[in-house]
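Topology and contacts: notes
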Amino acid sequence: MENSFSFNEFNNQTQQQTGLVIEYKRILYRVLYYWYVIALSLVVGLTIAFLVNRYTTRIYPITASIIIRESQERADARFIYNNPLANPYRNFFNEPYMIKSIPLVESVVKDLNFNVIIQKEGNFKTSEQYRLLPIQLIVEDPRERADFILEIIDETSFACYSDLGAASTGSVFKFGASAICAKTNFVASKLGSLERFVGARYNIHILPVETVALAYINKLNVTWAEQGASVINMAVNGSIPQKEVDFLNQLVLRYQQSDMDKKNQAASRSIDFIDSQLKLIGDSLAYFEWELQNFKKKNVVTDLTAESLRLYEQIQMLEQQRIKLITATNYYSYLEEYLTSESTYDKAILPTSIGITDAILNGLVTGLIDAQSELNALPPKKTLENPSVISRATGLKQRIAELKSQILESVKNLRATDLILDRDLITQVRNLERKLQTLPEAERRLVNIRRNYSLNENLFVFLEQKRAEAGISKASTTSDITIVNPPRAGSTITPKTTQNYILFGGVGLIFPFVFFLIVELLNNKVQSREDIERVTSIPFIGGIGHKQEDSNLVVNEKPKSALAESFRALRSNLNYFTEGKDKKVFMITSSLSGEGKTFTTINLACVFALSGKKTIIIGADLRKPKIYSDFGLHNDKGLSTYLSGLTPLAEVLQQTEIDNLSLISGGPVPPNPSELILTPHMESLIEVLKKDFDFILLDTPPMALITDGMVLSKFADHTLYVVRQDYTPRSMLKITDEFYRSGKFKNISLVLNDIKKTGPGYGYGYYGYGYYNYGYGYSYYGQRKKSEGYYSED
């Protein structure tokens, strides 16, 4: 048993050092006791979830997929496959930028008239009427921004209010006719019957096309399906699924048209270039044709000899090689002039379109076109101050400048190379011409005429062939863009209905627990016996229930009540602490005023008196004497006058209406209460009273405020320290425990008063008669008395 006590003391000390201990049983009990709070909190949480789900704008994801083909797939046009106009080099990395380009998205916004938003006000929120109202508003200026109210008057007319809050009559216009409202010109067209919309008002919001396009660019997500694939996934989120589906459908159509226009533009530019060359060569060809016919009319020689024909054919082969060089030289001149005179370079003609097969030059020109196209697709700096976009634009401009310089350098090198080849061909031609000098003059003239004619004819035929290829390519152009997955809407992103119910319902369930936990953490008052035992090692003697009556004489007035029974249990426990003594002195004190020490003193004295024991109460609180009022007695004379020597003992003794119970009240408040308590008269009074009374109860002032109780404790056989539930701070118990450990207080025990909170975590339950711990009353059932005079559990 010694070991048991030592362990308990050590455990108490440990808890005291570790600070606050949360009593989870107590919190759980409170939650269950106030179950209706949980139910109400749950209902509130679910109601909030319902309102959030009901009135939050629903956002849906809309996705689509397209594939970009790498080559033509028409088996009946194989000759076009090798045509660079039909299958130009394509930089797939630029495609996401092209899809999100401002010109492309602006064209979609204009096509769908998304810059005009029609809304209708509801009881709680305003919703967009996309495709719900059968009218269409076309704004003349796509840069306009305006807000006004439109009211349907009848099937043919409508009213317009410039002020959204206006209640006055607005301007009336006809459907299909030009109208002006809020300084904005527009035409409202009727798309169907308006019978059920007559009298309804709608909020009209007109935004600049560019603003709407930028908003869609920001929320449009374009990514490759996976690395190396030619499939692009597009996604956009919106509150109206059909509107976003229409946007993606139109975006794909516009992108396909843009792809076809790009191919057609390349073919058209090539045709224009070839036509300009054919016009020049056609004039030369007509002249030499006329000269050949004139020669045949004037000369007998109209055909060549075998030797002349051999020389002519050799010269013709060399001239055909020169034709390609001449064509290339003309293209180089065009390219140099184009790069030096134009500010944008996305309309340059590809070298392969006129037969130049140099891979380096083709790659450079293609790269220049792609870089310029990507730069054109970026938002203008004045519109979108985005650091990443500005940085990208700067990088593309630098890239274009580098490509332009490299193209000019490449043209210079190709010119030098072609010049060497041309000089070699000219030398070979001149050698053959010297051999022609040995022929008759007529044959020489005929060879020269036919040679010039054939040179221009071959060049003309070559360009005609290229023109035909370009025309066929333009006529058979198809888009490389094909829809894989058409746009479709998914399940809502927000609000997440089920998740919201779970979240808010969970919060509704958890909130009471958190609330009671916070209350428990913030409550520094004593709640239960466990709280007392955690803070102090002073023996706990019992508890007293909550007093519901106004009178303090509970034991006398209701002797069979549960509260009276708790005082009888307290009397029994006190007997164990003072066993062996016939005359007993008990001091009842507390930390603060209002903890119930006077109430405890009165009813404990009544218990003693009703058991046939002569009992007296001494009102030792000289500063605030009031115990006399509970018995209906006077305070003219009392302890203060007796200790001062003004009144004999017989005159201060008052008999109460309760048999065997007497009272010495505090008496008039003296100027020196503490000094009176310290006089020898106090000790002699106790000794005199022991002769006539079995129990003497000292009702003292609070210990935390006044030291009188400390002085009087030496006269007491046992001190009863009253702690009030949910009133006494735990810190007060720590101070009392320090007095107890230091030896200033001896033979002391704690009693918990005003117990109104019971159940798990409080250490008390109401079972018929009184408050019980282990058995009937507060007796220490199952405990053994130690030699020091207190009890510990086995």
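Residues numbered from 1 in each chain as written. Predicted model: local features only at pLDDT ≥ 70, side-chain atom pairs only at ≥ 80, totals over all residues. Heavy atoms only, no water.

Here the focus is the overall build of the protein chain. Tallying secondary structure elements over the protein chain gives 24 helices and 25 strands in all. Intrachain contacts of the protein chain at a sequence separation of at least 6 include 78% that bridge at least 24 residues. For the protein chain, the exposed surface amounts to about 39,900 Å²; the carbon and sulfur share of it is 54%. (Helix = DSSP H or I, 4+ residues; strand = E, 2+ residues; numbered from the N terminus. Contact = heavy atoms within 4.5 Å. Areas by Shrake-Rupley, 256 points an atom, 1.4 Å probe, with all protein chains shown as cover.)

The next subject is the state of the cysteines. Under the counting rule described, the total for this entry stands at one disulfide. The disulfide partner of Cys160 is Cys181, and the gap between their sulfur atoms is 1.7 Å. Every disulfide takes its handedness from the sign of the S-S torsion; for Cys160 and Cys181 that torsion is -95°, giving left-handed. Residue Cys160 is located in strand β6 (residues 157–161), and its partner Cys181 is located in strand β8 (residues 178–181); the two are separated by 21 residues in the primary sequence. (Disulfide = S-S within 2.5 Å.)

Judged by nonpolar contacts, the single largest core of 38 residues is most densely connected at Ile618, Leu639, Ile664, Leu689 and Leu698. Beyond its immediate sequence surroundings of up to four residues, Leu689 is in contact with Ile616, Ile618, Leu649, Leu653, Ile664 and Ile696. With 36 residues, the next largest nonpolar core counts Phe273, Ile323, Val365 and Leu463 among its residues. (Core = buried A, V, L, I, M, F, W, Y, C linked by side-chain atoms within 4.5 Å. Buried < 20%, exposed > 50% of the residue type's maximum accessible area, 1.4 Å probe, protein only.)

Attention now moves to the sheet that holds strand β3 (residues 126–128). Overall, antiparallel pairing links the six strands, which are arranged β3-β2-β10-β5-β6-β7 in an open sheet. The open sheet has two edge strands with one neighbour each: β3 and β7 (171–174). For this sheet, the mean inter-axis angle between neighbouring strands, taken without regard to orientation, is 35°. Sheet analysis places β6 next to β7, joined by four bridges and oriented antiparallel. Pairing of Ala159 across the sheet is with Val172, part of β7. (Pairing = 2+ DSSP bridges. Axes fitted to C-alpha atoms, helices over the stretch in contact; angles between N-to-C directions.)

Okay, the packing of aromatic side chains next. Under the counting rule described, the total for this entry stands at 21 aromatic pairs. Taking 6.0 Å as the distance between ring centres and 80° as the angle between the ring planes, the aromatic pair formed by Trp35 and Tyr36 counts as edge-to-face. For Lys243, the ring lying beneath its charged end belongs to Phe114, and the centroid distance is 5.0 Å. Over the aromatic face of Tyr727 sits the side chain of Arg724, whose NZ or CZ is 5.0 Å from the ring centroid. (Phe/Tyr/Trp six-rings, centres within 6.5 Å; stacked < 30°, edge-to-face > 60°. Lys NZ or Arg CZ within 6 Å of the ring centre and 35° of its normal.)

With that settled, the discussion passes to the pattern of salt bridges. Considering all chains together, one arrives at 20 salt bridges under this definition. Here Arg143 ties to Asp141 by a salt bridge, and the two come within 3.2 Å at their closest N and O atoms. For Arg143, a relative accessible area of 67% corresponds to the exposed category. Its relative accessible area of 24% is what places Asp141 among the partly exposed residues. Residue Lys597 pairs with Asp699 through a salt bridge whose shortest N-O separation is 3.8 Å. With Lys597 in helix α17 (residues 597–610) and Asp699 in strand β19 (residues 695–699), this pair connects stretches of sequence that are 102 residues apart. If you follow the salt bridges from partner to partner, you end up with Asp531, Arg534 and Arg730 in one network. (Salt bridge = Lys/Arg side-chain N within 4 Å of Asp/Glu carboxyl O.)

Another aspect to go through is the packing of helix α2 (residues 24–33) against helix α13 (residues 497–522). One can describe the packing of α2 onto α13 by two numbers: an axis separation of 9 Å at closest approach and a directional angle of 130°. For the element pair α2 / α13, the angle class is oblique. With respect to the hand of their crossing, α2 and α13 are arranged in right-handed fashion. Where α2 approaches α13, its residues Arg26, Ile27, Leu28, Arg30 and Val31 are matched on the opposing element by Pro512, Phe513, Phe516, Leu517, Val519 and Glu520. (Parallel < 35°, antiparallel > 145°, perpendicular 65-115°, else oblique. Left-handed = near helix turned anticlockwise from the far one by under 90°.)

In this section: the sheet that holds β19. Here we have eight strands laid out as an open sheet, ordered β14-β21-β20-β15-β19-β16-β18-β17, and mixed in their pairing. Looking along the sheet, the strands with just one partner apiece sit at the ends: β14 (540–545) and β17 (654–655). Summarising the sheet, strand β15 (residues 584–590) and strand β20 (residues 718–724) pair through five bridges and their orientation is parallel. Counterpart to Ser590 in the pairing with β20 is Val722. Sheet strands touched by α17: β14, β15, β16 (615–619), β18 (661–664), β19, β20 and β21 (748–755). Its angle to β19, the strand with the most contacts, is close to 170°.

Moving on, we come to unusual backbone geometry. Each neighbour pair has its own omega, and for Thr494 with Pro495 the value is -5°, a cis peptide bond. Its location among the elements puts Pro495 in the loop between β13 (481–489) and α13. Positive phi, normally seen in glycine, also occurs at Ala182, with a value near 55°. Structurally, Ala182 is set in the loop between β8 and β9 (184–190). Positive phi outside glycine occurs at Asn747, with the angle close to 50°. With respect to the element layout, Asn747 can be found in the loop between α24 (730–742) and β21. Given the relative accessible area of 42%, Asn747 is considered partly exposed.

So, about the side chain of Thr615. Structurally, Thr615 can be placed in strand β16. Excluding its chain neighbours within four sequence positions, the residues that come into contact with Thr615 are Ala605, Phe608, Ala609, Asn660, Leu661, Ser662, Phe693, Phe695 and Leu697.

It is worth spelling out a nonpolar patch on the surface at this point. Residues Tyr33, Tyr34, Trp35, Tyr36 and Val37 make up a contiguous nonpolar surface patch of about 550 Å² in total accessible area. A per-element tally of the nonpolar patch places helix α3 (residues 35–55) first, with three residues. Mapped onto the elements of the fold, Tyr33 is located in helix α2. (Patch = residues over 30% accessible without salt bridge, like charges linked within 9 Å, V, L, I, M, F, W, Y side chains within 5 Å.)

For the pair α2 and α3, the least separation of the axes is 4 Å and the interaxial angle reads 70°. Between α2 and α3, the angle falls in the class roughly perpendicular. Within the contact between the two elements, α2 uses Val31, Leu32 and Tyr33 and α3 uses Trp35, Tyr36 and Ile38. Here the residues of the contact of α2 with α3 are counted per class, giving six nonpolar, no polar and no charged. (Nonpolar A, V, L, I, M, F, W, Y, C, P; charged D, E, K, R; others polar.)

Turning our attention to the environment of Ile240. Topologically, Ile240 is positioned in the loop between β12 (231–238) and α8 (241–298). Given a relative accessible area of 17%, Ile240 falls into the buried group. The spatial distance from the C-alpha of Ile240 to the C-alpha of Ile59 is 7.6 Å, given a sequence separation of 181 residues. Aside from chain neighbours lying at most four places away, what touches Ile240 is Glu128 and Tyr130.

What follows is about the environment of Lys174. Structurally, Lys174 can be placed in strand β7. Measuring from C-alpha to C-alpha, the distance between Lys174 and Asp154 comes to 9.7 Å, with 20 residues separating the pair along the chain. The contacts of Lys174, once residues within four sequence positions are left out, are Thr156, Ser157 and Phe158.

This part covers α24. Count 3.6 residues to each turn of an α-helix, and residues three or four apart come out pointing the same way. Compared with the 18 Å implied by 1.5 Å per residue over 13 residues, the 19 Å span of α24 between its first and last C-alpha is a close match. The complete set of buried residues in α24 reads Arg730, Met732, Leu733, Thr736 and Asp737. Down the axis, α24 shows its buried residues gathered within 145° of arc, on one side only. At the exit of α24 stands Gly743, carrying a positive phi of roughly 90°. (Expected span 1.5 Å × (residues − 1). Arc of directions from axis to C-beta.)

What follows covers α17. With 14 residues, α17 extends 20 Å from end C-alpha to end C-alpha; this agrees with the ideal 20 Å at 1.5 Å per step. Within α17, 13 of the 14 residues are buried, which leaves it mostly tucked inside the rest of the structure. Immediately beyond the C-terminal end of α17, within one or two residues, lies Gly612, with a positive phi of roughly 95°.

In this section: the confidence of the model for the protein chain. In this model, the protein chain carries a mean pLDDT of 80, and residues with pLDDT of at least 70 account for 80%. Below a pLDDT of 50 lies the segment residues 1–19, which in the model reaches 20 contacts outside its immediate sequence neighbourhood of four places, other chains included. Counting contacts from residues 765–794, a segment whose pLDDT is below 50, to residues more than four positions away or on other chains yields 70 contacts. (pLDDT = per-residue confidence, 0-100.)

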